[in-house]
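Notes for the structure review
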Amino acid sequence: MSSTGNLKAVRVYLESFGCSANMADGERMLGCLEAAGAQTVSNPREADVLIYNTCAVKGPTEDRMISLLKSAPKGRKLIVAGCLPLINLERLRREVSFDGVVGPAPTSEIVEAVGRVVKGEKPAILKVKPKPEPDMPVKTLFPVRRIIVAAYGCLGDCSFCCVKFARGRLRSYSPEEILKQVERAVKAGAREIWLTSQDLSCYGLDAGSNLAELLEKVVEVEGDFKVRVGMMNPNHLLPILKRTVEAFAHPKIFKFLHVPVQSGSDKVLRLMNRFYTSQDFETVVAAFRRRLPDITLATDIICGFPGETEEDFQQTINLLEKVRPDIVNLSKFYPRPRTPASRMEKLPTQVVKERSRVLSKLAGDLALERNRKWVGWEGEVIVDEEGWKGNLIGRNYAYKPVAVSEGKLGETVKVKIVAASRYCLKGEILAS
Ligand code: SF4
């Protein structure tokens, strides 16, 4: 990397936002910058160059990014990286005074951008490589967890989505490239591997492979680790459902399933251009639960999509009440620039607000109900992060977060679940 730019003595602060893929991109940027001689710092006020690796998936996220960029410490060079520049460059240029701009997942491009801003140039490197070279240096921010991007982009064309403008069409890494990264991470001490992408269910369809095949290979990697499989849309999962469920049964895969349904109404799903029905979603969930009854189910709902009637909304409620997910990631609909949905007629704000309130209450009740089922359970958790109030958070085999008072990061401890809230379980350490 040092040939791409000598950044000796340049102090760089980098902060990443948004999805796990963007977090992984940020870790790779830090690795590349350090390999080029830069010193990475954890306080923006100590930096010569600030890099904000942005997200702009929703309107409120974009607003938050813009205000953060506006209030960045002055007197330093400012580089905007990540998805925002490709989603709303016009607004960025209008509202923020920045020095450089770089598209998502840069490697040598971020080194070049830093080198140029310190010389007083104003680089705009929006065309980055289709996908980063898999063996680039990485500086991990989580000691126990390693995020590995299996593919960039997706095969979808969802009418509400602006992410595709930033991330493009599917570009998968080969299983061999991914396995090498997993091996390297496990050797370096990772106990949790997050496999991630914009839509993991279509992994490999551009390269003669598929997700089930990848998982079968990943669990063969030697070492004491577990894999958390990222978000999978139902339509690409259906053709590989049986094999993927079997792959999930392996002890090295967390029993954690993230399948976004977005709406319980097939009419709304058509308007969203999602290419599956609510029944398809139910089929996927039923197949996993038949084989793995304790699996944690996470789903996503967009509330108040244009054209969503009271009846459509009721269908979403009915679906959630029937399927009873552990986690519902709820978003109100916000039109995003250049998307077909932004040209559809919006529902009144008050209606969206009220529907969101109802769904949020239901999601909370379901989460609590699902978590309470774990009270009394005894088993192992991997301590993977520091929580608040001095607690540590561990994860059991279903990736349920368990607050524990003792243990070290990376350690496996035996617990008994003594209480449950909407967000977390409380574990008491048992003598091993
Ligand atoms: S699958 Fe749909 S929502 Fe997801 S990134 Fe692709 S276009 Fe966007």
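Relevant structure appears above.
Remember, predicted model here, so these are calculated numbers, not experimental data.

Bringing the overall build of the protein chain into the picture now. A count of helices and strands for the protein chain gives 14 helices and 19 strands. Here the C-alpha radius of gyration of the protein chain, 22 Å, is about what a compact globule of 432 residues would show, namely 22 Å. Looking at the protein chain as a whole, 56% of its 432 residues qualify as buried. At a minimum sequence separation of 6, the contacts of the protein chain that also span at least 24 residues come to 72%. For the protein chain, the exposed area adds up to about 18,600 Å²; of that, 51% sits on carbon and sulfur atoms. The positive charge centre, built from 65 side chains, and the negative charge centre, built from 52, are 3 Å apart in the protein chain.

The next subject is unusual backbone geometry. Even without a glycine there, the phi angle at alanine 105 is positive, about 55 degrees. Secondary-structure assignment places alanine 105 in the loop between β5 (100-102) and α5 (108-118). A positive phi angle is found at phenylalanine 275, which is not glycine, with a value near 60 degrees. Within the fold, phenylalanine 275 resides in the loop between α11 (266-272) and α12 (278-291). With a relative accessible area of 54%, phenylalanine 275 lands in the exposed category.

Tracing the backbone shows arginine 191 in the loop between α7 (175-187) and β10 (192-196). On the basis of relative accessible area, arginine 191 is assigned to the buried category, the value being 12%. What arginine 191 contacts, discounting residues up to four positions off in sequence, is Val144, Asp224, Phe225, Lys226, Ile382, Gly410, Glu411 and Thr412.

With that settled, the discussion passes to the sheet that holds strand β7 (residues 145-149). The three strands are arranged β7-β10-β11 in an open sheet whose pairing can be described as parallel. Whereas interior strands pair on both sides, the edge strands pair on one side only; in this sheet they are β7 and β11 (226-229). Ignoring strand direction, the axes of neighbouring strands in this sheet form an average angle of 25 degrees.

Our focus in this paragraph is the sheet that holds strand β12 (residues 256-258). Strands sit in the order β12-β13-β14 across an open sheet of three strands; the sheet is parallel. Looking at the sheet topology across the chains shown, the edges are occupied by β12 and β14 (327-332). In this sheet, neighbouring strand axes are inclined to one another by 15 degrees on average, regardless of whether the strands run parallel or antiparallel. Two strands pair when backbone bridges link them, and strand β13 (residues 296-303) and β14 are joined in this way by six bridges, in the parallel orientation. The residue of β14 that forms the bridge with aspartate 300 is asparagine 329.

Surrounding the ligand, one finds Cys154, Gly156, Cys158, Phe160, Cys161, Lys164, Asn233 and Arg274. Counted by class, the shell around the ligand contains four nonpolar, two polar and two charged residues.

Within the structure shown, the criterion is met by 36 salt bridges. Of the charged contacts, one joins glutamate 133 and lysine 129 as a salt bridge, the two residues approaching to 3.7 Å between their closest N and O atoms. Owing to a relative accessible area of 27%, glutamate 133 belongs among the partly exposed residues under this scheme. Classification of lysine 129 by relative accessible area gives partly exposed; the value is 26%. Its salt-bridge partner being arginine 370, residue aspartate 326 comes within 3.2 Å of it at the nearest N-O pair. Of the two residues, aspartate 326 is situated in the loop between α13 (310-323) and β14 and arginine 370 in helix α14 (residues 349-372); the sequence distance between them amounts to 44 residues. Per residue, the accessibility class of aspartate 326 equals that of arginine 370, and both read buried.

As for its placement among the helices and strands, serine 331 is situated in strand β14. Using a relative accessible area of 16% as the deciding quantity, one classes serine 331 as buried. The spatial distance from the C-alpha of serine 331 to the C-alpha of glycine 37 is 41 Å, given a sequence separation of 294 residues. Dropping the residues within four chain positions of it, serine 331 is found in contact with Lys58, Ile301, Ile302 and Cys303. There is a polar contact of 3.1 Å between the side chain of serine 331 and the side chain of lysine 58.

Tallying each qualifying case throughout the model produces twelve aromatic pairs. Note on phenylalanine 17 and tyrosine 52: the rings are 6.4 Å apart at their centroids and 20 degrees apart in plane angle, and the pair reads as stacked. Of the two residues, phenylalanine 17 sits in the loop between β1 (11-16) and α1 (20-35) while tyrosine 52 sits in strand β3 (residues 49-54), which places them 35 residues apart along the sequence. Exposure remark for phenylalanine 17: the relative accessible area of 8% places this residue in the buried category. Relative accessible area serves as the criterion here: at 5%, tyrosine 52 is assigned to the buried category.

Cut-offs applied
- Residues numbered from 1 in each chain as written.
- Predicted model: local features only at pLDDT ≥ 70, side-chain atom pairs only at ≥ 80, totals over all residues.
- Heavy atoms only, no water.
- Helix = DSSP H or I, 4+ residues; strand = E, 2+ residues; numbered from the N terminus.
- Rg over C-alpha atoms; globule rule 2.2 N^0.38 Å.
- Buried < 20%, exposed > 50% of the residue type's maximum accessible area, 1.4 Å probe, protein only.
- Contact = heavy atoms within 4.5 Å.
- Areas by Shrake-Rupley, 256 points an atom, 1.4 Å probe, with all protein chains shown as cover.
- Lys, Arg positive; Asp, Glu negative; His and termini not counted.
- Charge placed at Lys NZ, Arg CZ, Asp CG, Glu CD.
- Pairing = 2+ DSSP bridges.
- Axes fitted to C-alpha atoms, helices over the stretch in contact; angles between N-to-C directions.
- Near = heavy atom within 4 Å.
- Nonpolar A, V, L, I, M, F, W, Y, C, P; charged D, E, K, R; others polar.
- Salt bridge = Lys/Arg side-chain N within 4 Å of Asp/Glu carboxyl O.
- Polar contact = N/O pair within 3.5 Å; in protein donor to acceptor, adjacent residues only side chain to side chain.
- Phe/Tyr/Trp six-rings, centres within 6.5 Å; stacked < 30°, edge-to-face > 60°.

Taken by themselves, the reported measurements are silent on function.
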